[in-house]
Amino acid sequence: MAYSGISQKQVRHMLDTIGVARIDDLFADIPAELRLGKLLNLPEPMDDLSLQNHLRSLANRNHGTDKLISFLGAGSYDHFIPPVVDALASRSEFVTAYTPYQAEASQGVLQAFYEFQTMICEITGMDVTNASMYEAGSATAEAVLMARDITGRSKVLIGQNVHPEYVQIVRTYLASQPMTIEIIPTPTGTIEPSVLASLIDDQTAAVVIQQPDFFGCLNPVDKIADAIHAAKGLLISVVDPISLGLIAGPGQLGVDIVVGEGQPLGLYQNFGGPYLGFMAAKSAYLRRLPGRLIGMTTDHEGRRAFCLTLQTREQHIRRERATSNICSNEGLMAIRAAIYLAAMGKNGFFQVANLCFQKAHYAASQIVGIEGFELAFKAPFFKEFVVRSKKFPVDKVIHEARQAGLLAGVPLECWYPELGDCLLVAVTEKRTRDEIDALVDVFRKIGG
Amino acid sequence: MPVPQDRKYLKTHEWFKPEGDLVVVGITDHAAQELTDITFVQMPKVGTKISAGQSFGEVESVKATSEIYSGIDGEVVEINEELSSNPGLINSDAFNAGWIIKVRPSDTSQLEKLLSPGDYENFI
Amino acid sequence: MEKIDHDIKLLFEQSVEGQSGVNLPQCDVPEASVSEAIPSALLAATPVRLPEMCEREVTRHFTRLSERMMSVDANFYPLGSCTMKYNPKINEWAADLPGFTAGHPYQDVQDIQGSMELMYRLRQLLEEIAGLSEVSLHPAAGAHGELTAMMVVRAYFRDRGENRDEVLIPDTAHGTNPASCALCGERVTIVKSTPEGLVDLDDLAAKITDNTAAMMITNPNTLGLFDKSIKKIADILHQRGAQLYLDGANMNAIMGQVRPGDCGVDVMHYNLHKTFSTPHGCGGPGAGPIAVAEHLAPFLPAPQVDFVDGKYVWDFNRPKSIGKVRTFYGQFGVMVRAYTYIRALGHSGIKNVSDKAVLAANYLGKKLEPFYTLPYPLPCMHEFVISAEKQKDDHGIRALDIAKQLIDYGIHPPTIYFPLIVSECMMIEPTETETLETLDRFAAIMQRIAEQARTNPELAHQAPVTTPVSRVDEVKAAREPNLRWRYKE
C-alpha cells in the first residue's frame, strides 16, 4: 500500500521490539466478541490508474459552470478566480499544516490570517473579525447566539428576504434554545423600516438582514439600524463581500455584527463546499466572538511575531462555557481569500464590483424590455435580480436556456410559493456581453 | 510568605478585607501565581448584587480561566478600573493594588464564617 | 548566522499606489450610472483600502510566508488526536477536477449526477465502516458533527415526548464535546476515569438519570486506550433509554477492526480530515459526517442524497428532520478526497491503516518508555501519552520546553497539556504513514532531549532557535490585542 510507511519486513522487527507475536495482539483490548473478524464489506482496493479513470468518469458526468454559461447565484457565484490564487493556496506548506497552535512553527499562516483579518475588517468597515467560520449560514446562527448572549434577550427578527437556507439553519440552531424567531415580511423585496419598527420590542435581541438580500435588492440598512438601536438591540447583516467594492460597508451603516459568505473571494463553487464563513463585529463584542483570533505581538527578542490569542473564549479552554464549539474552521479558504484580495487590490476589487453591477443592470434592462417578463421588485439591486415570467412557466425558461447551454437562474418556488413565477438571475464580471445577449435571446424567443 | 492577617479567605483563593463599612475583595497571591500571567479580569458592573458562594467575575491567563467567588452577600460599589489596562497588577501585588471589587455587605457576620489567615495557609 | 531582514512586511506595508495583481476586462456593456441606480446612503463613501501589488509581489509574499511553516509534507507531525497522516496527492488531483469544482449547488440534479453519485457512494462506505444504518454528510467539521448529532438525539427524544437535556462526558474528552452540548442547550455532567484511564462504570451508574439524553465517549480515548467496557457502557445507557455517542476522532485506530455500531453505539461523527486523509489546511476545511442507528435516521438533516429509479436525487421528504445545519449539502470538496482515499485502499487497505497506525504507536511508545513516564502502560492504540513530569521535577524542563526543542529538530511537537488529567502531558500519534526510519529518528531525538534536560537544560529553555521568531509573547498578545493592521489615517 503506497501510503503506509512501514514495509512488511519491518513489521517483524517492530513486533519484536514491542514484544508481541502478531499485530492482532495489540488489539487485545477490544473484546473478541466485538471484533469484526473479517474484512469490511467495502470494494476491493483500486490501482491509481483505475481510480483516476473512475473519478474522471464521475466528474465528466457533471455539466457544471465549466461547461455551461451560468447565471446561477443564490449564495454561490461564478466569479473570476485569478490563477495566482490556485498556485499559492495549493502550496503544500499551507495545505498540509494543522492549526497554528505552535506559533514559532507557523508564522507564515499566522501572518496570512492576520492579513485576512485586516482585509475583512477593511472591506466590511468593522473593528474585529475572526479567522473564519464554516460558511454564511452557520455563521449567521452563531451571530444570533452571540447577540442573545450580549443582550440577554430572547427574540430574533429575520427578514423574509434573507437566504432561506440561512433562516433554516438559524431555526435549527435555536430549536433547543428558549428563543423565538419572527419573520419580517418583505413583499416588496426589501425591509420596510416602519414595518420592522412595529415588530421590535424590548425582548428583541437582534434583527437579521442580508445586504444585498437574497433577491439581490439593497435594503435601507441605515434606517433599519436606527430602528433596532432605538430598542437597544443589535443589527446582524449577512453580506456579499464582492458588493463591498461598490456599496456601503456594514460598518458605515451601523451594523453591529457582520457575517458573510466568502465563496466569491477566490473559492470554487464546488457543489456547495468547502466555503468560507466570516464574522466581524464592533470591538465591544470582541470577547464574545466565536472562533480563532490571530494577534500581532513580539517574540522574546522584541521582533514582530504572530500567535493565536484570546483563546480563553474557545472550547479547548472554556469547554461548556465557550463562546462556540467551533474548532476546525476554513483556514485554507481564508488563505485563498487573502490571496484573492491581495491580488485584486484596491482597484481590482472596485472593478469587479462595478463590472458585476454594470452587467447585471444591462441584463435586467434587456430582459424587462421583452413582453411577458418584468422585474419582480422595484428596489435597487447589485448583481442579482428577480425576473417574473407573467405568461410562461419558469421551467420553460430554464429548459430553453439549458438547451442553449445556459443556466438561466434559480427558481424560487421551493422557498417562496408566491414567487412561483420567478427566477433569480445572477450576473458576475465573468459574463460577457455575448453570453448575456444569448440569455436575453432565450427570453425573447419565449416572449416573442 | 505569610498571607496578610487583616482579612478572611475562601478555599477558592479569594480574600475579603474589611475597610470601613465596605469589604475589599481580591484573589490571593497563591492563586495569581498558579494562574501565571493574568491577561484579563472580567468584573461586574457597579451596582451588581452578589451573593456568597456565587461567582461574580473571572480572571484569565493565556491558557486558563478561573471564576472569582464571593464569600459574602452585598452590592458592588466600586471596581478596580486599573485592572482593565493592567491586569498584571494581580500578579505583582495581589493583596493590595490588585484588589478587584469593593462591596457593601448586607450582613457583616458572614465574614466570620470565612477562613482565617492561618486556616487558609494550612489549606494551601 | 545573524538573522537579517527578519520581518516579512505585511501586505499593507508593501502596497504601491496604482498597482494591481489582476488584469480585468473593460466593461463591454453600456454603462449605467451607479449613483442613479443606488441611493447615495447605500454607496461606499470611500473606496475600500486594500493592498496594491503586482502579481509578482503577491506571489513572492505568500511563497515566503509558506516557507515559515511546518507541514505534513515536509515534517514529521506526531500531533496526538489530530491524525496528521500523509495526504495522498491523487486526492487533490480528484478534488481539483473541473467537473467537480464547477458544480453549482442549485443545479438541476440531472446535470450533477456524478457528484451526487460520489456523495451517495461515500455515504454507503461510511455506513459500512461505522456499522450503522445511515450517514449524513452535511456537518462541516468534527465539532459541527457533534452538534448535529446532539440535535438529532434531542429531536429523537422530543418525538418520544421526552425532554432529556443532560449529557455525560468523561473527563478525558475533547473540549468540543461539552461545548457542542452547551450549544445544543444540554447540561454537561463529567464522568470520572478509573486509574487505568477508562470510564469509571461506578461513577457512570451514579451519575446517569432518567434525564440523561446521551453519553459522549471517544473510543479509543484521548489517552490512546480502547475502553473494553464499551458494550457495558452502551447497556447501562440503553437500560435508561439514553443514547451512546461516539466521538470518531480516533477512528484511525479501529476502522476495519471493530465497528462502532456493533459495540452499541447509536450515533457517531467522523473526521474526514483525520481518518480519511483529507488535509488540514492550517485549521480547515474539515468535514464531520455523522452516522446513526436506524431509530435516529428520521431526524438527520435534510436533504439526503438518495438513489431512486436509477437516478441520484435529493430527498427532502423527511418530516422529522432537524433541518439544516449548514448551507447546501456539506463540504463537497473534502468528500471527494475522502472518497478517493477509501476507494484507493479498499477493504484490506482500510484494515491495514489501523494495523500499522497501532503498530507504529506501540513501537514508538516502547522506544520512549526508558526516558519518559508513561502514565498508562502499553499496549496502546494509535496514540499514547507520555508525561514530562520527571524532566520537570528533576530539571525544570516542561512539556512546553520539549515541544519547542522538537521544532529545532524539524519535528512538529505532539499535542501538549492534553488530556487535562495527565500533568506535563505529551500526546503522540505517529500515524501509519511514517517510515520506521522516521520513528527511530524521533525516538533518538526524544532520548537526546531527555539527556540534555539533565546536562544542559538551558537548551530547552531557549528553544526554538532555528525558527524565524523565538518564543512568542502570548501574554502581551492577550493583554494588548492587536488583531488587525491599522492604516495611518
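Notes on the structure in this doc start here. (Residues numbered from 1 in each chain as written. Chains lettered and ligands numbered in written order. Predicted model: local features only at pLDDT ≥ 70, side-chain atom pairs only at ≥ 80, totals over all residues. Heavy atoms only, no water.)

## With respect to the overall build of chain A
In step 1: The number of helices and strands found in chain A is 14 helices and 15 strands.
In step 2: Along the first, second and third principal axes, the C-alpha set of chain A runs to 85 × 55 × 50 Å.
In step 3: Burial statistics for chain A: of 448 residues in total, 68% are counted as buried.
In step 4: When contacts within chain A are restricted to residue pairs at least 6 apart in sequence, those whose partners lie at least 24 apart make up 71%.
In step 5: For chain A, the computed accessible surface area is about 13700 Å², with 51% contributed by carbon and sulfur atoms.
In step 6: Computed over 40 positive and 48 negative side-chain charges, the inter-centroid distance for chain A is 1 Å. (Helix = DSSP H or I, 4+ residues; strand = E, 2+ residues; numbered from the N terminus. Buried < 20%, exposed > 50% of the residue type's maximum accessible area, 1.4 Å probe, protein only. Contact = heavy atoms within 4.5 Å. Areas by Shrake-Rupley, 256 points an atom, 1.4 Å probe, with all protein chains shown as cover. Lys, Arg positive; Asp, Glu negative; His and termini not counted. Charge placed at Lys NZ, Arg CZ, Asp CG, Glu CD.)

## Here's the deal with the interface of chain C and chain A
In step 1: Between chain C and chain A, the residue contacts involve 200 residues of the former and 189 residues of the latter.
In step 2: Between chain C and chain A the total buried area reaches about 16900 Å² when both faces are included, carbon and sulfur atoms providing 63% of it.
In step 3: A per-residue breakdown of the area chain C buries against chain A is headed by Cys282(C), His347(C) and Leu483(C), which together make up 5% of the total.
In step 4: Applying the counting criterion to the chain C and chain A interface returns nine salt bridges.
In step 5: Remark: the boundary between chain C and chain A carries 93 residue pairs in polar contact (both at pLDDT 80 or more).
In step 6: A per-element tally of the side of chain C that touches chain A places helix α11 (residues 332–368) of chain C first, with 25 residues.
In step 7: Residue composition of the side of chain C that touches chain A, grouped by class: 108 nonpolar, 52 polar and 40 charged. (Buried area = accessible area lost by both parts, 1.4 Å probe. Salt bridge = Lys/Arg side-chain N within 4 Å of Asp/Glu carboxyl O. Polar contact = N/O pair within 3.5 Å; in protein donor to acceptor, adjacent residues only side chain to side chain. Nonpolar A, V, L, I, M, F, W, Y, C, P; charged D, E, K, R; others polar.)

## Notes on the nonpolar core
If you look at soluble globular proteins, the nonpolar side chains tend to sit buried side by side.
In step 1: Counting residues in each nonpolar core, the largest one holds 140 residues, and the members touching the most others are Leu412(A), Met215(C), Tyr270(C) and Phe276(C).
In step 2: Broken down by element, the residue count for this core peaks at 19 residues, all from α11(C).
In step 3: Residue contacts for Tyr270(C): discarding those within four places in its chain leaves Leu126(C), Ile129(C), Ala130(C), Met251(C), Phe276(C), Ala287(C), Gly288(C), Pro289(C) and Ala291(C).
In step 4: Counting residues in each nonpolar core, the second largest holds 101 residues, with Leu246(A), Val258(A), Ile294(A) and Ala353(A) among its members. (Core = buried A, V, L, I, M, F, W, Y, C linked by side-chain atoms within 4.5 Å.)

## A closer look at the sheet that holds strand β3 (residues 155–159) of chain A
All names here are of chain A.
In step 1: Spatially, β2-β8-β7-β6-β5-β3-β4 is the arrangement adopted by the seven strands of the open sheet, whose pairing is mixed. The open sheet has two edge strands with one neighbour each: β2 (128–129) and β4 (180–184).
In step 2: Examined bridge by bridge, β3 and β4 share five bridges and lie parallel to one another. Along β4, the bridge assignment pairs Lys 155 with Thr 180. (Pairing = 2+ DSSP bridges.)

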